[in-house]
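# Close look at the chain arrangement
One-letter residues, chain by chain:
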Amino acid sequence: MREHEAVNKSMGAALANEFVRKFYAEGNIAGAMEQASENIVAFGTQSMKYAVGKKEVQQCLQEEHALVAPCRLFRTKLKEYPQDDMCAVMGSVILRTTSEYSTILHQITLMYQREKDDYRLTGIHLVRNLHHEGTYRMICSNMLSGLMEKRHSHHKSPESNILSSHVHSAFVTFRMSDERPMTFYSDELWSMLGYISGDKFIRETGEKLTELIVEDFREDVLQSMRRQLTYKDVYQVEYPMRGADGRTTWIVECGRRFERPDGRQAYNGILLDITPLKQASETLAYQVSYDELTGLYNKTAFCQKAQELLETLPDRNFEIMCLDIERFKVINDLFGEDVGDRILRYFAAFFREMKLESGVYARIHSDRFIMFYPSEGRNRERFIKSLKLLASSFTLGYRVMLRFGVYVIDDRTIPVSMMCDRATLALMKAKRGGILDCEEYDETMRHYIMTEQSIVNDMMEALQRGEFKVYLQPKYDAATERVVGAEALVRWIHPVRGEISPAEFIPVFEHNGFILKLDQFVWEETCRLLRKWINEDRNPPPVSVNVSRVDFYSTQLVNIIEKLVQKYHLPRELLELEITESAYTDNPQQIVRVVKELQQRGYKILMDDFGSGYSSLNMLKALPVDVLKLDLKFLDDKNETGRGGNILNSVVRMAKWMHLPVVVEGVETRQQVDFLRTIGCDYIQGYYFSRPIPVEDYEHLLAQRTFVPILGKESQWLDAQDLKELLNPSRSFNLLFNSMIGGVGLYEMMTGGSIELLRANDGFFRLMQSSKEDIDRIDMLSYIMDEDRKKILRAIRESGDRKKLTECIVRRRLPDGTFLWLRARVSSLFTDESRRLFFIGWDDVSSQYNLPLQLQAMTDQFQNGIVMSQLINGELYLNYANRWMLELDGLDPDSRRGQGLVPMTNIMDKELVEKFKEAILKHVESGSGVPLAIEYPFEASDGTTRRLRCYLNAAKTSENHYSVLASVHDITNETK
C-alpha cells in the first residue's frame, strides 16, 4: 500500500487523507483546517475538554502536532461510514518521530457534514493507542532483523512485504558502473516513483539506477559513493529522483558492498523517501526568517539584511525607523483580532509594494514594524506621510494612528539589534509625549540607556547584598482612621546612588524579567515578617503584596505562593495579593484562571489601579476580585465636587452594590479624606496618613491600634440616597450603567413571588431580543423555561440570605422556538419582609451548553463507548454516555439524555464503581497526561458477559470535585 493511501477512495475518505497528510506529514495546520466549519469541535489526545470553533481547534491541533513533531507518516488506514448528509471517517495512523525514533499510533475520527456539493469538517477526535504501540514496536523489530538476515536474497521475504506497507522505502541490488544497472529491486521502487506497474517502469527507465537521478546531481552522487567506498564498504548519499508524473522525490540511499558466491562484487541499497522532511525543512527555513502573519522579514532576518547593506554600502548614510499603531489592543478588543490582523497585513502590503531601494523592512512583533533605508533626500518625511495616509484610508469607523521613532545611524560598530533598540526608545518617547508623532534618538536617550544598563549591572548583586528593603504603607479605616493593614513596597538603598526611585528600576525589571526574582523576595520577606509578628503576639493585620503582570506568565505562580505560606505556617487571609488592571488587559484568560485558583485556596485578591484601563467594567465582570483599589490621581481632577468626584462617587456605589470593599490610595489632604468618607469609601491609603515606612516604624504603629479587618466588616445595604439614584438615575449613572458589558437588569421581587424588571441596560435588550417598550410588561419568570425557574429563584434567595454573589444556568425561550443558555449572576441589594431588590447580570453561554448536542451527534457514530462522569465529594456520577455505551447497558439513549447527573451505582456494580473511584484519584495524583487503562468484566443487556477496556483521563476542577472522560472498548474477542 502506498503512503497516505486509504482503502476507501470516496469523497469523505479522500478529504480525510488530505487532512492526515497536511496535519501529520506537513504540519500545515491551516491547510488541514481548510474544510473546517465555523462550529467545528475537536478532542485531542491530551485534551480535558472539547475545543469549539476554528480558533480553539487550530490551537488544539498545534499542541497535538507539537507532541509528535518532527515525525514521518508511515501508514494511514481509514474507512468511511456514510449516513444521509453526514459521514464519519475512522481509522488509524502510524507515525515515526525523527527526534526520539519512537513509534506512535493514533486512532482518528473525522466527522463531515454535506453542504450543497461540498463536505465541511465538523468534528475531530484523536486517541493515542498505547496498548498497540508496544506490540507494533516488537513486530517491527522482528521484521527488521529478518530483513537484514536475508539481505543477499533476490526473493522478497514476508517480513519485507509487511515492512514496505509501513515504510516508504525500496530495496535494490546493483553492479557498480556509471549507469549502476539493477539486478534486483523491490516493487516499492516503481510504486514510490508513481509508476502504475513494473513493466511500465522497465520500459521507461531501463532498470538503470543512475538514470533515475535528476541529471544535474548524477556526477556528484557517483563521486561521493566512490570516495566513501575507497575507505569502507558502506556509503550514504542524498539526491532527487524524477518520478513518472514529473514530480521530484528526494531520496536518501544507504548501502554496502558485498561479494557474491561467484566472487564478483555487488551492492545492496535501501532507498528512503525523505520528501516530507525536505518540505518540512523548507517550511522551517521560511519560518526562521519570515513573519507568518504578514510575510515580511522577522527581526532576526531584518538585522542580517541590514548588516549586509551597511557592509556593502559603506559610503551611504542610513536610518532605522520603528513604528507602531496607537492603542492597537483597543482595536483588537473592539473589533476583533481578525480586523487587527487585517490592518497588519494592510501595512505589510504597502511595504512590499514600496520597492525600497537599498533598504529592508520587517515586522518585529505585535503591531510594531521597522524600516532600514538611506537617509538622503526626504525619505523619512515621505515614508511618514505615506504611512499616515495609509492609516487614515483604512475603513474601520475608528481612527488608526501611528507613532514613529528614528535612529540616525552614526555608529556602525554596534550591532543592528542595538540600533533597533535605539529607534524603539525614540518611539517610546513619542508615545509618552503624545504631542509629536515622531521622535529622533538623541544623547538624553543614550543617558537613559546608560542609566538602565547600570541598573541591570547592579541588580543581581544588590539582591544578594540586601540592598532591596521592604517598606510598608499602612491602610486606614475611613470611618475610625485606625490601621487595618498595609501594602508591602520595595525600596532600593544603593551604597553609592542612595535611594533609587521605584519609577526608575521597576520598569527595567519588568522589561528584563528580573521582577520575578524581586517579587519573590518581597513575598518571602513579607511572610517572614508576618510569622515574626505572630510569634510576638502582635495580632498582625493582613499585608498585601504586588503580583506584577510578568509573574502571571509563570506557570508556577500559585505553587510559589503556596510554598511560602506553608514554609512560614501562615493563615492565608494574612497575605493578600494585589494585581493591576493592566495585567488583566495583557493576558485576561491566564489572569482569570490563576485568580480563581488562588481564591479557591483562600487568598484575597485586590484589584490595583482600577479605572486606569479602558476595559474596567468588562474586567470587573469577568475577574472575581475581592477588593477594589482606586488611585485618586487617575481622576486628574483637583475639584473633588466636580466631574471627577461624580465618577468616583458612582464607582464606589457600584462597588457597594457588588459588596466589594474599596481602598482609595494617593490621598494627600484632609479635604480628600472628608470627601471620600461622604461618598461611602471604606479604606484610605496615602501620604496624608503615612508614607511608605520602614518595618521598625510600622511595628510601632501595630502597638498602638486595634485591628479591624477589611473583609470582616458587615456589608452595608442600600440607603435612601442609593435607592433614589437607582430608580431616578442621573445622566452619569445612565452612562455608567449602559457601559457595562453584557445584559444587566435591576429587579424587584414582592412577597407574592412576582418579579418585576425595574431597569435594564442596552445589552440586556440585545441579549433577550426584546425592546425597551416592553419593560413594563416583562415578568422575569415568563422568559425563563419552566424547568429552570426553581434554579433562578433559589439563586435570588441565597444571594439575599448569604449577602454574596450567586449564579446559575437557565434557558430563555426565543420567539422562533429556539432557546438561549444564560448564566445569571445575582447580587442582592436590599431585603426586607415584603420585597427584595437585586441585580442580575446575564451572559449568553449557549456556545458551551449547546456542545453536548454536537457531541451526541458525533460520538453516536463511534464503534466504542464515550463516557463523561464526575467524582463529587466521594460519589461517582454519570454525566454523559454515547449511544454505543447506553445500548450495551440496555438503556434507551433518547430517554436517558437530559436527566442530569445519575449515580454510577444505579448502573454498575458497587465494587466496580469503587475500583473506578480509586483509579481516578490515582490518575490525578500521578499528574500523568497519559490515559489510564482499566480492564473489567461487564454484564451486557443481552445477558452475555463482555470484557471491556477503559482508557480514562481525569482532572481536578475544584476541592473534592473531579471531571472524568473515558473511552471504552469491547475486547471480548481479543482475550479469547
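The numbers attached to residues start from 1 for each chain and follow its sequence in the written order. In keeping with the predicted nature of the model, local features appear solely for residues at pLDDT of at least 70, side-chain atom pairs appear and are counted solely at 80 or more, and the whole-chain, interface and lining totals rest on all residues. Where side-chain values are given, they derive from all heavy atoms of the structure, hydrogens and water being excluded.

At least two bridges found by DSSP between two strands is the condition for calling them paired. In this description a helix means any DSSP run of H or I spanning at least four residues, a strand means any run of E spanning at least two, and both kinds are numbered starting from the N terminus. Read across the sheet, 5 strands follow the order S13-S14-S12-S15-S16 without closing on themselves; strand pairing throughout is mixed. Each end of this open sheet is capped by a strand with a single partner; those strands are strand S13 (360-365) and strand S16 (438-440). Strand after strand, the sheet turns through a mean of 20 degrees between neighbouring axes, direction not considered. Of the strand pairs in this sheet, strand S15 (residues 402-408) and S16 are connected by 3 bridges, and their pairing is parallel. Bridge pairing in S16 links Gly-405 to Glu-439. Working convention: axes come from line fits to C-alpha atoms, limited for helices to the stretch in contact. Angles between N-to-C directions cover 0 to 180 degrees.

Here we come to the pattern of salt bridges. Here, a salt bridge means any Lys or Arg side-chain nitrogen found within 4 Å of an Asp or Glu carboxyl oxygen. All told, the structure shown has 56 salt bridges when counted by the stated rule. Two residues, Asp-786 and Arg-789, come together in a salt bridge whose shortest N-O distance is 3.3 Å. Relative accessibility under 20% of the residue-type maximum defines a buried residue, over 50% an exposed one, and the middle range a partly exposed one, all with a 1.4 Å probe and only protein chains included. Given the relative accessible area of 56%, Asp-786 is considered exposed. Owing to a relative accessible area of 27%, Arg-789 belongs among the partly exposed residues under this scheme. When the shortest N-O distance is used, the salt bridge between Asp-801 and Arg-836 registers 3.6 Å. With Asp-801 in helix H29 (residues 789-802) and Arg-836 in strand S30 (residues 835-844), this pair connects stretches of sequence that are 35 residues apart. Through salt bridges that share partners, Glu-18, Arg-21, Lys-22, Glu-26 and Glu-34 make up one connected network.

pLDDT measures how confident the predictor is about each residue, on a scale from 0 to 100. When pLDDT is averaged across the protein, the result is 81; 82% of the residues are at 70 or more. Note on residues 637-641: pLDDT under 50 across the span, and 8 contacts to partners over four residues away in sequence or across chains. Confidence drops under pLDDT 50 across residues 706-721; counting only partners more than four residues distant or on other chains, this segment forms 40 contacts. Any two residues having at least one pair of non-hydrogen atoms within 4.5 Å are treated as being in contact.

The subject of this paragraph is the nonpolar core. The criterion is simple. A nonpolar core is a set of buried Ala, Val, Leu, Ile, Met, Phe, Trp, Tyr and Cys residues joined through side-chain atoms within 4.5 Å. Core analysis: the largest hydrophobic core is formed by 82 residues, its most contacted members being Phe-509 and Leu-676. Counting residues per element, this core draws most heavily on helix H18 (residues 515-535), at 8 residues. Domain extents, as shown, originate in an automatic or database domain assignment. Composition of this core by domain shows at least three residues from each of domain 4 (453-704) and domain 5 (730-847). Setting aside chain neighbours within four positions, we find Phe-509 in contact with Ile-455, Met-459, Phe-468, Trp-492, Phe-514, Ile-515 and Leu-518. Ranked by size, the runner-up nonpolar core spans 33 residues in total, among them Phe-23, Ile-40, Leu-61 and Leu-126.

For the rest of this paragraph, the subject is the sheet that holds strand S10 (residues 248-259). Across the sheet, which stays open at both edges, the 5 strands sit in the order S8-S7-S11-S10-S9 with antiparallel pairing between neighbours. The strands lining the two open edges of the sheet, one partner per strand, are strand S8 (182-185) and strand S9 (234-242). When the angles between neighbouring strand axes are averaged without regard to direction, this sheet yields 25 degrees. With 9 bridges connecting them, S9 and S10 associate as antiparallel partners. Bridge pairing links Val-234 to Arg-256 in S10. This element, helix H9 (residues 215-229), spans strand S7 (169-174), S9, S10 and strand S11 (265-273) of the sheet and lies at about 170 degrees to S9.

To continue, consider the packing of aromatic side chains. What characterises a pair of aromatic rings is the spacing of the ring centres plus the angle enclosed by the ring planes. Aromatic rings from Phe, Tyr and Trp, with only the six-membered ring used for Trp, were paired whenever their centres fell within 6.5 Å, and each pair was classed as stacked if the ring planes differed by under 30 degrees, edge-to-face if by over 60, and tilted otherwise. Tallied over the entire structure, the rule returns 30 aromatic pairs. Between Phe-174 and Tyr-267, the aromatic rings sit 5.5 Å apart at their centres with planes inclined by 10 degrees, giving stacked as the arrangement. Of the two residues, Phe-174 is situated in strand S7 and Tyr-267 in strand S11; the sequence distance between them amounts to 93 residues. Pairing Trp-492 with Phe-505 gives two aromatic rings, centres 5.7 Å apart and planes at 80 degrees, and the pair type is edge-to-face. On the criterion of sequence distance, the pair formed by Trp-492 in strand S18 (residues 483-494) and Phe-505 in helix H17 (residues 502-512) is long-range, its members being 13 residues apart. What makes Trp-492 buried here is its relative accessible area of 0%. Members of the aromatic cluster, joined through ring pairs, are Tyr-346, Phe-347, Phe-350, Phe-351, Tyr-361, Phe-369 and Phe-394. Lysine NZ or arginine CZ positioned within 6 Å of the ring centre and within 35 degrees of the ring normal marks a charge as sitting over the ring. When the ring centre of Phe-174 is taken as reference, the NZ or CZ atom of Arg-180 above it lies at 4.8 Å.

Its location among the elements puts Arg-72 in strand S3 (residues 71-83). When the C-alpha positions of Arg-72 and Arg-96 are compared, they lie 5.1 Å apart, and in sequence the two are 24 residues distant. Only 2.6 Å separates the side chain of Arg-72 from the backbone oxygen of Asp-273, close enough to count as a polar contact. N or O atoms within 3.5 Å of each other form a polar contact, as long as, within protein, one can give a hydrogen and the other can take it, and as long as residues adjacent in sequence are counted only when both atoms are side-chain atoms.

Moving on to H29. Helical periodicity: at 3.6 residues per turn, an α-helix aligns residues three or four positions apart in one direction. The span one expects for a helix is its residue count, reduced by one, times 1.5 Å. With 14 residues, H29 extends 20 Å between its outermost C-alpha atoms, agreeing within 8% with the 20 Å of an ideal straight helix rising 1.5 Å per residue. Just beyond H29, the residue with positive phi is Lys-803, at close to 55 degrees.

Next up on the list: empty space enclosed by the protein. Space inside and on the surface of the protein is sampled on a 1 Å grid over the protein atoms alone, with a cavity defined as a set of points where a 1.4 Å probe fits but cannot get out and a pocket as an open set with protein on both sides within 12 Å along at least 5 of 7 lines; lining residues have an atom within 4 Å of a point. Grid points are joined across faces, edges and corners, and a volume is the space filled by probe spheres set on the points. Taken as a whole and assessed by the stated rule, the structure comprises 2 cavities of 30 Å³ or more. Considering only enclosed or pocket space, the largest cavity measures out at about 280 Å³ in volume. Breaking the lining of the largest cavity down by element, the ones donating at least two residues are strand S31 (865-872), strand S32 (875-881), helix H32 (883-888), helix H34 (910-926), strand S34 (932-939), strand S35 (945-958) and strand S36 (961-970). The classification used treats Ala, Val, Leu, Ile, Met, Phe, Trp, Tyr, Cys and Pro as nonpolar, Asp, Glu, Lys and Arg as charged, and all other residues, Gly among them, as polar. Residue classes in the lining of the largest cavity are distributed as 19 nonpolar, 1 polar and 1 charged. In this model, the second largest cavity occupies a volume close to 160 Å³. Around the second largest cavity, the lining comprises 16 residues; the ones closest to its centre are Phe-43, Val-127, Pro-931, Asn-953 and Leu-965. Looking at the lining of the second largest cavity, the elements with two or more residues in it are strand S6 (118-128), S35 and S36. In terms of residue count, the dominant contributor to the lining of the second largest cavity is S6 (4 residues). Partitioning the lining of the second largest cavity into residue classes produces 9 nonpolar, 6 polar and 1 charged. Mapped onto the domain boundaries, the lining of the second largest cavity takes at least three residues apiece from domain 1 (11-143) and domain 6 (862-970).

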